[in-house]
Every structure is written in structure tokens, then in C-alpha cells.
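Read off the chains here:
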Amino acid sequence: MAGENWGRVAEDGTVFVRTKDGERAVGQWPDANPEEALAFYTRRYDALAFEVELLEQRVQAGTVSPDDARAAVKKVTGSIEEAQAVGDLDGLRARLDALTPLVAQQRERRKAERAAKVEEARSAKTKIATEAETIAAGTDWRHGVTRLRELLDEWKALPRLDKSSDDELWHRFSSARTTYTRHRKQHFAELSSKREEAAVVKERLAAEAETLSGSTDWGPTSGRFRDLMRQWKAAGPAPREVDDKLWARFRAAQDLFFGARDAVQAEENAEQVENLQAKEALLVEIETILPVEDARTAREQLREYLDHWDQIGKVPRDSMRAIDGRLRAVEQAVKAAEDEVWNRSNPEARARAEATVKQLQSLIADLEKQAAKFESQGNTRKATEAREAIAARREWLTQAQNALTDFS
């Protein structure tokens, strides 16, 4: 029997177990044969060995906390010390002793994991507090309140830190929420006050618009309506229902005036279309001045055409730029021709051109002397610089002589 390796039965029925410390009596079985006695106490050992194996599995799998594992190892070890069983009790004790460093490792690992989670929580709470402070410093009254609620839920889901750190971060977060709430209430209170003020301003604007709706002073009244519209926009929103009613009054007065003005302008436009046709026909004649051959004659012709042009009257606004552009082109051509005549006959300009030519000629002569001097001295660098300066001033002289020629 396997039990015979770990124990024996004395003649008086006493059952002994063998350990490294020697034999120890574990019980008596006087009426049974030795085989039955050893089998009984061996089964007790098997039960104890199963308990050790189960504990090993739980510890190795990490399904039991380090504190519970240490307590279980201590308990089972104690039961082995006094176990009434026959088997390799020393082996069981060694297996339990082998669990002690594993439990210590798991303890350290869990401690590190808890520390990491605390740091993660610290970082997350710091981030929450910082974001809350950013929101409190801003003016996002619509989304800010929702985001602060979300941040509060995130805070509640996080584990606590040490008391001082947790209290400090909570104070920052709570203070930011309080500040934001106070500013938000203040904002909407001011907004409500401004809307009431806007209602008063828009009531006045609507009343003035109604007094202007029958005016036939189209230009100034149109400008005044534009002023009223700018004031309306600058006033800001009034309470919604009031704002809609006042806008309906203002818009009705505006439509009445501009409808009447547009009707009158439609009649004027028909006349302006005829004026446009007349001016286009006159432009064809005016453009025959080009190209300008005699500036004086061209100016006299243009003056007569312009007198006729002014007598024709207004043209449609959207056509003014095109025909005015064509007229200005002719005017500019005549002016350019007159300027050219003047420039050619301007004695002061001719004198300046002559002086420039003489000055450049004198400067070139001086530079020629310097270049010859440097060459005779063997100063190649200075001579080269002088020759380059001479070349540049000869180009200037050519330009100045050409300009002087224009006066001849």
C-alpha cells in the first residue's frame, strides 16, 4: 500500500505518520487490521491533498485576493501540522510554502495596479477640473452646462484619491461649476434686460417707419429707411413674440414706401432708356475725334459734344458705367494730347534735359580720366570699376539725349 511508505500501525493499533521530524501518532484503530487502518488515514491525506491542490489552482489563477490567499495558506498549513492523516505531509507543506512568494508577488502586482489606477484617476480628475475651469472662463452658455453635467458623471465614476488630493481637485471642479453657473445666470439676466430695451427701441423705429411710409421725397427718405434698418439690426433681438409683431409693422411701412417709389421710378426709367439711346448715338460721334491729331481742334469738338451730352439727361443706373467709361476714354485721349503739346513746348523741362545731358557728359569725362590714371598705375580693380561706371552713365546719357530730342 502507498500508505506504508508514509506510516505504520503498531501492535496496539496506534497509527503513525512519518515526517522529516520523525514519527507522529495520528490515531488508533485497535479492532481493524493494519491495511484498513492505513487506508482510512490515507483517505484523510487524500482529502487534505485535494484541498492543497485546489488552493494552488486558485492562487495561481489569481481568483483569490492576496490577503485571502495568505489566510488560506496559513489555515491549511495549520491543519497539516495537526493532521490525522498518513501521507506526504512534508510535501504538502512544501507546496504550501511555495505559494508564499507567489502570493507576495500578486500582492505587489495588485498594489502596483491600484497605484496605477489611482494615478489614472488623478490624471482624469485633473483633466476634468481643468476642462471645467476652461468652460467657466468662456461664454458657451448652450453647450457648457451640458458638458459640466457630463464631467460630473465622469467624476463620480472615478475612484477616490487620498483625501487632500481629492479635496483639492474637487474644490477646483466645484468652484468652476459655481462660477460658470453664476456667470450664466448673469448673462441671461442681462440678455433679458437687453431684449426689453430692444423692444422699446424697435417700437420707436416701427412708429417712425410708419410716418415715413407716405413720403414722396424719395432720396432722403430712402436714406432714412436705411438708417432705420441699421438701427433695427443694432438694437438686437427683442422678446420673440414682440419682435415678430414689431418687424411686421416695420416691414409693412417699408414696403409701402418703396413700392410707391419703384412705381415712380419705373416711369422715369422709360425716359432714361430713351436718354441712353441718345447718348449712345452721340458717343459714336464723339469717338470720331480719335485718334487725336490736333489737340486744340479736338478740345473744341469735345466741348460742343459735352454741352449736348449734359442736355440729354439721366440714363439707367446700370448703364452709366459703360457709357461714362467710353466718354472718359475720349476725354483722357484729348488731355494726353494736350499734355504732350505742353511738354514739348515747356522751356523749363527743356532746360532741365539739357542740364542733365551736360552733367552726364562732364561726369563721363571725369571718369575717363580716372580710368586712364588707374590703368597707368596698374590698379586693375579700380580701373575696371571706373570703366563699369562709365558704361552705366553712357546708358543714362543716351536716355537723356533721347528725352532732349523730344523737345526739338
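Here's what I pulled together on the structure shown here. Here the residue index of a chain counts from 1 through its sequence in written order. With pLDDT at 70 or above as the cut-off, local features in this predicted model cover only qualifying residues; side-chain atom pairs require 80 or more to be listed or tallied, and sums for whole chains, interfaces and linings still use all residues. Only hydrogens and water are set aside when side-chain values are computed; all heavy atoms of the structure are taken into account.

### Quick notes on the overall build of the chain
Keep this limit in mind: Going along the chain from the N terminus, every DSSP run of H or I of four or more residues is numbered as a helix, and every run of E of two or more is numbered as a strand. The reference for a compact globule is 2.2 Å times residues^0.38; the radius of gyration itself is calculated from the C-alpha atoms. To sort residues, take the accessible area from a 1.4 Å probe on protein chains only and compare it with the maximum for the residue type: under 20% means buried, over 50% means exposed, and anything in between is partly exposed. Contacts between residues were defined by any pair of non-hydrogen atoms, one from each residue, lying within 4.5 Å. Using a 1.4 Å probe, the Shrake-Rupley method yields the accessible areas, and only the shown protein chains count as cover for residues.
Assigned secondary structure in the chain consists of eleven helices and three strands. Ordering the α and β elements of the chain from the N terminus gives β-β-β-α-α-α-α-α-α-α-α-α-α-α. For a compact globule of 408 residues, the expected C-alpha radius of gyration is about 22 Å, and the chain comes in at 55 Å, more than 25% above that figure. Referenced to the eigenvectors of the C-alpha coordinate spread, the extents of the chain come out at roughly 160 × 95 × 40 Å. For the chain, buried positions account for 31% of its 408 residues. Considering only intrachain contacts with a sequence separation of at least 6, the fraction spanning at least 24 residues in the chain is 67%. Entry remark: accessible area of the chain is about 26300 Å², with carbon and sulfur atoms responsible for 51%.

### Notes on the nonpolar core
Selection rule: Nonpolar cores were defined as sets of buried Ala, Val, Leu, Ile, Met, Phe, Trp, Tyr and Cys residues, with membership established by side-chain atoms within 4.5 Å.
V15, I80, L89, L92 and L96 are the most contacted members of the largest nonpolar core, which totals 26 residues. Counting only elements with at least two residues in this core, the list comes to β2 (14–19), α1 (34–61), α2 (66–81) and α3 (89–137). When residues in this core are grouped by element, the largest group, nine residues, is from α1. In this structure, V15 is in contact with R8, V9, R24, A25, V26, G27, Q28, A37, L38, Y41 and V86, ignoring residues within four places of it in sequence.

### Focus: the sheet that holds strand β3 (residues 22–28)
Heads up, the rule is: The criterion for strand pairing is that DSSP finds at least two bridges linking the strands in question. Note on method: axes are straight lines fitted to C-alpha atoms, helices fitted across the in-contact stretch only, with angles between N-to-C directions ranging 0 to 180 degrees.
Strand order in the open sheet formed by three strands is β1-β2-β3, and the pairing between neighbours is antiparallel. Because the sheet does not close on itself, it has two edges, and the strands there are β1 (7–9) and β3. Strand after strand, the sheet turns through a mean of 25° between neighbouring axes, direction not considered. The pairing of β1 with β2 spans three bridges and is antiparallel. The residue of β2 that forms the bridge with V9 is V15. Here α1 sits on the sheet in contact with β1, β2 and β3, set at roughly 140° to β1.

### A look at the side chain of R261
As for its position among the elements, R261 is in helix α7 (residues 240–286). Among the residues examined, R261 registers a relative accessible area of 18% and is labelled buried.

### Observations concerning the packing of α7 against helix α8 (residues 295–312)
To keep it simple, the criterion reads: With respect to orientation, any angle under 35 degrees is reported as roughly parallel, any angle over 145 as roughly antiparallel, any angle of 65 to 115 as roughly perpendicular, and every other angle as oblique. Note on residue categories: nonpolar means Ala, Val, Leu, Ile, Met, Phe, Trp, Tyr, Cys or Pro, charged means Asp, Glu, Lys or Arg, and polar means any other residue, Gly included.
Two elements in contact, α7 and α8, have axes whose closest approach is 10 Å; the angle formed by their N-to-C orientations is 175°. In terms of orientation, α7 lies roughly antiparallel with respect to α8. For the pair α7 and α8, contact is made by N275, A278, K279, L282, L283, E285 and I286 and by L302, Y305, H308, W309 and I312, respectively. Of the residues belonging to the contact of α7 with α8, the class tally is eight nonpolar, two polar and two charged.

### Remarks on the packing of aromatic side chains
Which entries qualify depends on this criterion: Pairing of aromatic rings covers Phe, Tyr and Trp, the last through its six-membered ring, and needs centres within 6.5 Å; plane angles under 30 degrees mean stacked, over 60 mean edge-to-face, and all others mean tilted. Only when the NZ atom of a Lys or the CZ atom of an Arg is both within 6 Å of the ring centre and within 35 degrees of the ring normal do we say a charge sits over the ring.
Throughout the structure, instances matching the rule amount to 13 aromatic pairs. When the ring of F225 is compared with that of F258, the centres are 5.6 Å apart and the planes differ by 55°; the resulting orientation is tilted. Here the residue F225 occupies a position in helix α6 (residues 218–235), and F258 occupies one in helix α7, the gap between them amounting to 33 residues. An angle of 55° between the planes, with centres 5.5 Å apart, marks the rings of W232 and W247 as tilted. Residue W232 is found in helix α6, and its partner W247 is found in helix α7; the two are separated by 15 residues along the sequence. Relative accessible area serves as the criterion here: at 7%, W232 is assigned to the buried category. Counting every residue linked through ring pairs, the aromatic cluster contains W218, F225, F257 and F258. Across from the ring centre of F173, 5.6 Å away, lies the NZ or CZ of R177, which sits over that ring.

### A short note on α2
Rules: Here the expected span of a helix is defined as 1.5 Å times the quantity of residues minus one. The arc in question is the one spanned by the directions pointing from the helix axis to the C-beta atoms.
A rise of 1.5 Å per residue sets the reference length of α2, with its 16 residues, at 22 Å; its end C-alpha atoms lie 22 Å apart and thus fit the reference within 8%. Listing the buried residues of α2 in full gives P66, A69, V73, V76, T77 and I80. Down the axis, α2 shows its buried residues gathered within 105° of arc, on one side only. Opposite its buried face, α2 presents the exposed residues K74 and K75, each directed more than 90 degrees away. If you follow the buried residues of α2, they end up packed against β3, α1 and α3.

### Things to note about the pattern of salt bridges
Selection rule: Put simply, a salt bridge is a Lys or Arg side-chain nitrogen that is within 4 Å of an Asp or Glu carboxyl oxygen.
Overall, the coordinates contain 31 salt bridges when judged by the stated rule. The salt bridge involving R224 is made with E208; its shortest N-O contact spans 2.7 Å. Here the residue R224 occupies a position in helix α6, and E208 occupies one in helix α5 (residues 163–212), the gap between them amounting to 16 residues. On the basis of relative accessibility, which here comes to 26%, the residue R224 falls in the partly exposed class. Accessibility expressed as a relative area gives 22% for E208, which makes it partly exposed. Close ionic contact of R261 with D262 constitutes a salt bridge, the shortest N to O distance being 3.3 Å. Overlapping salt bridges bring together E131, R147, E150 and E154 as one network.

### Details of α6
When the terminal C-alpha atoms of α6 are compared, their 25 Å separation across 18 residues agrees well with the 26 Å that a helix rising 1.5 Å per residue should span. Residues W218, T221, S222, G223, F225, L228, M229 and W232 constitute the buried set of α6. Looking at the buried side of α6, the elements it contacts are α5 and α7. In the segment just after α6, G236 is the residue with positive phi, at about 85°.

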